[in-house]
Amino acid sequence: MENISTRGGCAARPFSDTLLGGLAPDGGLFLPEAYPRVSAETLEQWRGLTYPELAFEIIRRFATDIPEADLRSLVDRTYTAEVFGSADITPVRELEPGLHVLGLSNGPTLAFKDLALQLLGNLFQYALARAGEELNILGATSGDTGSAAEYAMRGKQGIRVFMLSPHGRMSAFQRAQMYSLEDPNIFNIAIESMFDDCQNIVKAVSGDADFKRRHRIGTVNSINWSRLMAQVVYYFKGYFAVTRSNREQVSFAVPSGNFGNICAGHVARMMGLPVRRLILATNENDVLDEFFRTGVYAPRSTQRTHATSSPSMDISRASNFERFVFDLVGRDPAVVKGLWAKVEAGGAFDLAGTPHFARIPEFGFVSGSSTHADRLATIRRVWRDHGVEIDPHTADGIKVGLEFREPGVPLVCLETALPIKFEETILEALGRKPACPEAFRGIADRPQRVTVMAADVEKVKAFIEAHA
Ligand SMILES: *Cc1c(COP(=O)(O)O)cnc(C)c1O
């Protein structure tokens, strides 16, 4: 299976050639030239598989240039009960008949991003060793992505991580999680400014082609195709967990920001998983909800992005959305190029009244948004009615999911983080702090290792030069 770009400007290339990179050279996003179709017979065989077995079956259809024995061992080492807390990896909890929460947050950093990044850590190490190369990952984080990347890359041969975070602006738990890592290949740099400046520094360093080449600088951003591919697996797992036969349909509710998670659901559906609806939930930053309701995609400036109590969904543009639009417009790269020319010029596009927009129902998408008050009410309601603590992002998903729930169709709400990561909002909703998993007791008291630095591109470069 080769990967192609959504903008059609570069030749198809094998999976492994797109593994370590970000954007395609033509500015588009990589995705497979076709989605492998899963027959009814195969789906039946998959029903009884364990998580790693299922992951192997799905991933081998995309990563066709990795020898199967190697892939099997990579997947087996990634999805273990030791790393994800149970052999189920993504356990399902029934709140009431027909209403389920798919637990995606039992990995090392307690958010769903671990499910993809833990695999990426092993895939990167494997690919670098095979090519005899090294990689210095430079990233910026305001919370979840940075810690998931660090926990995925810690101790990996040939990989170093330089992670910029805004000094004093993450939660105490997030800081403790990242800064207490002692692995010599992990470097935390706290920038004395906001998240945007961290991101600008990453852009400036990556934009220096000579420096980038000399120091083999790479990223683990949300547009990486293999991240998305790894996430396809838990849609299948969740489907099997709540159904008895493959004649049943299921709807998924997905708290969304960069459109990575729900795009994996879209891929699963295109492969033939019997998904009825993909219910997209946003917070007050509702660019995506606006698109699915009106046909207008109007990314916003950072100034117009709200800081909300589901902060991991505070986005102004959805970096993976281009992949879905590529499929929506019949995989015509010329159309995608035209639409994103508008976006990149600081504008918007409007598909209302076009045949493209009329096809949205064929893809199963519906959407809604929630506010801080909705979030608190949902956290309270789920605790009161079901005795289950949920985090603010998961609450956004459940709130919108319930609005689109249909009788006779199981609704699976994706749990994207554990409540302990967002203590303040839980305290506000329930009047007490959330339960802390055993492994994280006392984490705030562990010694922390971080270099505080001014928001200065040259200082960051000098640091990388000294440590890479
Ligand atoms: C990243 C993240 C999201 C958003 O996921 P996307 O793939 O960007 O849509 C939602 N909730 C949590 C907790 C996250 O960390």
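Bear in mind that the values here come from a model prediction, so they are computed numbers and not experimental data.

The rules behind these values
Residues numbered from 1 in each chain as written. Predicted model: local features only at pLDDT ≥ 70, side-chain atom pairs only at ≥ 80, totals over all residues. Heavy atoms only, no water. Near = heavy atom within 4 Å. Polar contact = N/O pair within 3.5 Å; in protein donor to acceptor, adjacent residues only side chain to side chain. Areas by Shrake-Rupley, 256 points an atom, 1.4 Å probe, with all protein chains shown as cover. Nonpolar A, V, L, I, M, F, W, Y, C, P; charged D, E, K, R; others polar. Axes fitted to C-alpha atoms, helices over the stretch in contact; angles between N-to-C directions. Helix = DSSP H or I, 4+ residues; strand = E, 2+ residues; numbered from the N terminus. Left-handed = near helix turned anticlockwise from the far one by under 90°. Contact = heavy atoms within 4.5 Å. Buried < 20%, exposed > 50% of the residue type's maximum accessible area, 1.4 Å probe, protein only. Pairing = 2+ DSSP bridges.

1. Quick look at the site of the ligand
Around the ligand sit 15 residues, and of these Lys113, Asp144, Gly257, Asn258 and Asn261 come closest. Note that an oxygen atom of the ligand is positioned 2.7 Å from one of the backbone N or O atoms of Asn258. In isolation the ligand offers 380 Å² of accessible surface; the protein chains occlude 95% of this area. Among the residues forming the shell around the ligand, the class breakdown is 5 nonpolar, 8 polar and 2 charged.

2. Quick look at the packing of helix 11 (residues 225–242) against helix 12 (residues 260–271)
How two helices sit against one another is set out by the angle between their axes and by the gap between those axes. Contact geometry for helix 11 and helix 12: axes closest at 8 Å, N-to-C directions at 65°. In this structure, helix 11 crosses over helix 12, and the sense of that crossing is right-handed. Across the interface between the two elements, Trp225, Leu228, Gln231, Val232, Tyr234, Tyr235 and Phe236 of helix 11 pack against Gly260, Asn261, Ile262, Cys263, Ala264, Gly265, Val267, Ala268 and Met271 of helix 12. The residue makeup of the contact of helix 11 with helix 12, split by class, is 12 nonpolar, 4 polar and no charged.

3. Details of the environment of Ala55
Here Ala55 lies in helix 3 (residues 51–59). Take Ala55: its relative accessible area is 0%, and that puts it in the buried class. Taking the C-alpha atoms as reference points, Ala55 and Lys237, separated by 182 residues in sequence, lie 9.2 Å from one another.

4. Quick notes on the sheet that holds strand 8 (residues 186–191)
Spatially, the 5 strands line up as an open sheet ordered 9-6-7-8-16, and their pairing is parallel. In this open sheet, the two strands that pair with only one neighbour each are strand 9 (217–218) and strand 16 (451–453). Direction of pairing for strand 8 relative to strand 16: parallel, over a ladder of 3 bridges. Bridge pairing in strand 16 links Ile191 to Met453. Contacts from helix 7 (residues 144–153) reach strand 6 (135–140), strand 7 (159–166) and strand 8 within the one sheet, and its direction differs from that of strand 7 by about 160°. Strands in contact with helix 9 (residues 195–207) are strand 6, strand 7 and strand 8; relative to strand 6, the strand with the most contacts, it is inclined by about 150°.

5. Comments concerning helix 8 (residues 172–179)
For helix 8, the tally of buried residues reaches 6 of 8 residues, placing the bulk of the element in the interior. Inspection of helix 8 places Phe173, Gln174, Ala176, Gln177, Met178 and Tyr179 among the buried residues, and these make up the whole buried set. Looking at the buried side of helix 8, the elements it contacts are helix 7, strand 7 and strand 8.

Without other data, these values stay purely geometric and don't point to any function.
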